[in-house]
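Chain by chain, the residues run as shown.
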Amino acid sequence: MRAKTPPMGWMSWNLCGREVNETIIRGVADALVTSGMAVIGYEYVCIDDHWQGGRDALGRLYPCIKKFPSGIKALADYVHERGLKLGIYSDAAEKTCGGEVASLGFEKQDARTFAAWEVDYLKYDYCYAPEDRATAVERYTTMGRALENCGREIVFAACEWGGRRPWEWAKSAGAQVWRTTFDIRDVWETPTYNTRQNGILNALERNTELAAFAEPGGWNDPDMLVVGLYGGGQEWMCPDGLPHSNETEYRSQMSLWCLMAAPLFATNDLRTMTDSTREILTNPEVIAINQDALGAQAVRTHRLISSVDVWQKPLTHGDRAIGILNRSEEARTVEILPGLPAGHAPGFQFQNLTFPATMLGVTPEHRVRDVWQRKDLGAIREKITLEIEPHETKLLCLAQA
Ligand code: GLA
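1. A short note on the overall build of the protein
Here is step 1: Scanning the protein from terminus to terminus reveals 10 helices and 19 strands.
Here is step 2: A globule of 401 residues ought to have a C-alpha radius of gyration of about 21 Å, and the protein, at 22 Å, matches this closely.
Here is step 3: Long-range contacts, defined as pairs at least 24 residues apart, comprise 68% of the intrachain contacts of the protein with a sequence gap of at least 6.
Here is step 4: Surface exposure of the protein reaches about 15500 Å², of which carbon and sulfur atoms provide 50%.
Here is step 5: Distance between charge centroids for the protein: 3 Å, based on 42 positive and 53 negative side chains.

2. Considering the packing of aromatic side chains
Here is step 1: This structure, assessed with the given rule, holds 14 aromatic pairs.
Here is step 2: Ring geometry for Y140 and F156: centres 6.2 Å apart, planes at 45 degrees, overall tilted. Pair noted here: Y140 is in helix α6 (residues 133–148) and F156 is in strand β7 (residues 155–159), with a separation of 16 residues, a long-range link. You'll find Y140 and F156 in the same group, each marked buried.
Here is step 3: Here W161 and F182 contribute two aromatic rings whose centre-to-centre distance is 6.5 Å and whose plane-to-plane angle is 40 degrees, an arrangement assigned as tilted. Taken together, the residues W161 in the loop between β7 and β8 (177–179) and F182 in the loop between β8 and α7 (200–208) connect sequence positions 21 residues apart.
Here is step 4: Taking the relative accessible area as the measure of exposure, W161 reaches 15% and is therefore buried.
Here is step 5: Given the relative accessible area of 24%, F182 is considered partly exposed.
Here is step 6: Among the aromatic residues, those joined into a cluster by ring pairs are Y124, Y126, Y140, F156 and W169.
Here is step 7: The side chain of K95 reaches across the aromatic face of Y128, ending 4.3 Å from its centre.

3. Focus: the packing of helix α5 (residues 107–116) against α6
Here is step 1: As a packed pair, α5 and α6 sit with axes 8 Å apart at the nearest point and diverge in direction by 40 degrees. Relative to α6, the element α5 lies oblique. Crossing of α5 against α6: the hand is right-handed. Facing α5, whose interface residues are E107, K108, D110 and A111, α6 presents T142, M143, A146 and L147.
Here is step 2: Along the lines of polarity and charge, the residues of the contact of α5 with α6 split into four nonpolar, one polar and three charged.

4. Digging into unusual backbone geometry
Comment: phi is negative for the bulk of residues other than glycine, and the bulk of peptide bonds are trans.
Here is step 1: For H50, which is not a glycine, the phi torsion comes out positive at approximately 80 degrees.
Here is step 2: Structurally, the position occupied by H50 is in the loop between β2 (44–46) and β3 (52–55).
Here is step 3: Its identity is not glycine, yet E118 carries a phi of approximately 65 degrees, on the positive side.
Here is step 4: Structurally, E118 is set in the loop between α5 and β6 (121–125).

5. Focus on the pairing of β7
Here is step 1: β7 sits mainly inside the fold: five of its five residues count as buried.
Here is step 2: Covered by surrounding structure in β7 are V155, A157 and C159 together with F156 and A158, the residues of both alternating faces.
Here is step 3: Two strands pair when backbone bridges link them, and β6 and β7 are joined in this way by five bridges, in the parallel orientation. Directly across from D125, in β7, lies its bridge partner C159.
Here is step 4: For the crossover that starts at β6, traverses α6 and ends in the parallel β7, the hand is right-handed.

6. Describing the site of the ligand
Here is step 1: In the region of the ligand, 13 residues are neighbours, and D48, D49, K123, D125 and D183 sit closest.
Here is step 2: Contact distances for the ligand include 2.7 Å between an oxygen atom and a side-chain N or O atom of K123.
Here is step 3: Here an oxygen atom of the ligand and a side-chain polar atom of D183 are 2.5 Å apart.
Here is step 4: For the ligand, the protein covers 93% of the area, taking 310 Å² as the surface of the free molecule.
Here is step 5: Considering only residue class, the shell around the ligand consists of six nonpolar, one polar and six charged.

7. Brief notes about the sheet that holds β8
Here is step 1: If you walk across this open sheet you meet the eight strands as β9-β8-β7-β6-β5-β2-β1-β10, and the pairing is parallel. Among the strands making up the open sheet, the edge pair consists of β9 (219–221) and β10 (264–266). Recorded for the sheet is a direction-independent mean angle of 25 degrees between the axes of neighbouring strands.
Here is step 2: Against the sheet, helix α4 (residues 72–81) makes contact with β2 and β5 (85–91), and its axis sits at roughly 145 degrees relative to β5, the strand it touches most.

8. Looking at the environment of G98
Here is step 1: Here G98 shows up in the loop between β5 and α5.
Here is step 2: For the pair G98 and D49, spaced 49 residues apart in sequence, the C-alpha to C-alpha distance is 6.6 Å.
Here is step 3: Once you skip the residues sitting within four places of it in the chain, G98 turns out to touch R18, D49 and H50.

9. Remarks on the state of the cysteines
Here is step 1: As enumerated under the stated definition, the model contains one disulfide in all.
Here is step 2: In this model C46 remains outside any disulfide bridge; the closest cysteine sulfur is found in C159, 12 Å from its own.
Here is step 3: Its relative accessible area of 2% is what places C46 among the buried residues.
Here is step 4: The cysteine C397 is free of any disulfide, with C258 supplying the nearest cysteine sulfur at 12 Å.

What counts and how
- Residues numbered from 1 in each chain as written.
- Predicted model: local features only at pLDDT ≥ 70, side-chain atom pairs only at ≥ 80, totals over all residues.
- Heavy atoms only, no water.
- Helix = DSSP H or I, 4+ residues; strand = E, 2+ residues; numbered from the N terminus.
- Rg over C-alpha atoms; globule rule 2.2 N^0.38 Å.
- Contact = heavy atoms within 4.5 Å.
- Areas by Shrake-Rupley, 256 points an atom, 1.4 Å probe, with all protein chains shown as cover.
- Lys, Arg positive; Asp, Glu negative; His and termini not counted.
- Charge placed at Lys NZ, Arg CZ, Asp CG, Glu CD.
- Phe/Tyr/Trp six-rings, centres within 6.5 Å; stacked < 30°, edge-to-face > 60°.
- Buried < 20%, exposed > 50% of the residue type's maximum accessible area, 1.4 Å probe, protein only.
- Lys NZ or Arg CZ within 6 Å of the ring centre and 35° of its normal.
- Axes fitted to C-alpha atoms, helices over the stretch in contact; angles between N-to-C directions.
- Parallel < 35°, antiparallel > 145°, perpendicular 65-115°, else oblique.
- Left-handed = near helix turned anticlockwise from the far one by under 90°.
- Nonpolar A, V, L, I, M, F, W, Y, C, P; charged D, E, K, R; others polar.
- Pairing = 2+ DSSP bridges.
- Right-handed = clockwise from strand over helix to strand, strands pointing away.
- Near = heavy atom within 4 Å.
- Polar contact = N/O pair within 3.5 Å; in protein donor to acceptor, adjacent residues only side chain to side chain.
- Disulfide = S-S within 2.5 Å.

Below, the structure written as structure tokens:
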């Protein structure tokens, strides 16, 4: 099975835009290894749009000679030598989103070309294609079949941004990943959700509803991580002068994307990142939640008043990850109690943000661990008090004692 757990890696778009080239890709591959990211599971180094040069007289794709003078096969070799995998990009129309040559009508030939180059991942976009769903199903299925028959195991990531409900058909079209949202920006929240501006919270909202569709071999993709960009990268990453995300918000994106079993593609400059960015990307207990073999996407089980949301992700062995997000602009105190306060019906939302452990489907014997702090908080039979900063997500792991 391809993509048994959510794919992890790095993607060039947010940092490089049009300016991607083989020197950057090689540098990022090296950085994946030296930073410890490779060991923890980040394996795909993905070239997004703007690698293309054109098609030759025989219809074969070739890369831009200036940006990729050594060719894609040599780059794949470089990446493979480091134990990593290479990703590439095309589009189900005549042109890509950036106006480069794309794959419509050349699906079989392009799939064979990618296989010959030893590519391992294909992001397949949908700019310049008709709006309707039937055409999308047909075009993704054509490329999906071409990849299945190309002689190489290539992960297929559909990127039509969710407009045609790909969670209902992308898997049978042959995809293991489907984008559920428009492009993410390096901001916490934008006032509206649209093609131009879409923050971490906006993407979260769309993707949260789709928990039922995620499973091993088929993942909802709320787009790339913006962790560590800090306003760097392409100018469109902070639209309309909105401030870039802060460290707490980056840690929240990581927590929430892990809870949602989302593909994890970093997009910051791994060659120059700070230690704190590296720590956000490489916390092994956080990654373990994302990569859990059950492959369940967290369900939002509570929306408490005062803008606190609770997610739960079942893990193997009856363990459970819990995320508690403070969406408000003030710190909140959340108490987890071992039972229901007298007089309250199950499901009641408490003014003081107390909610009972029995509602979390765990027993008093479960032990609670704060995953980011790497600290055991005790058994659930005792009251647990959590202070949560604005936009912070507490990430807890509840394990059978
Ligand atoms: C679309 C996709 C992005 C990126 C660009 C490249 O906007 O959604 O993720 O691949 O195209 O042009």
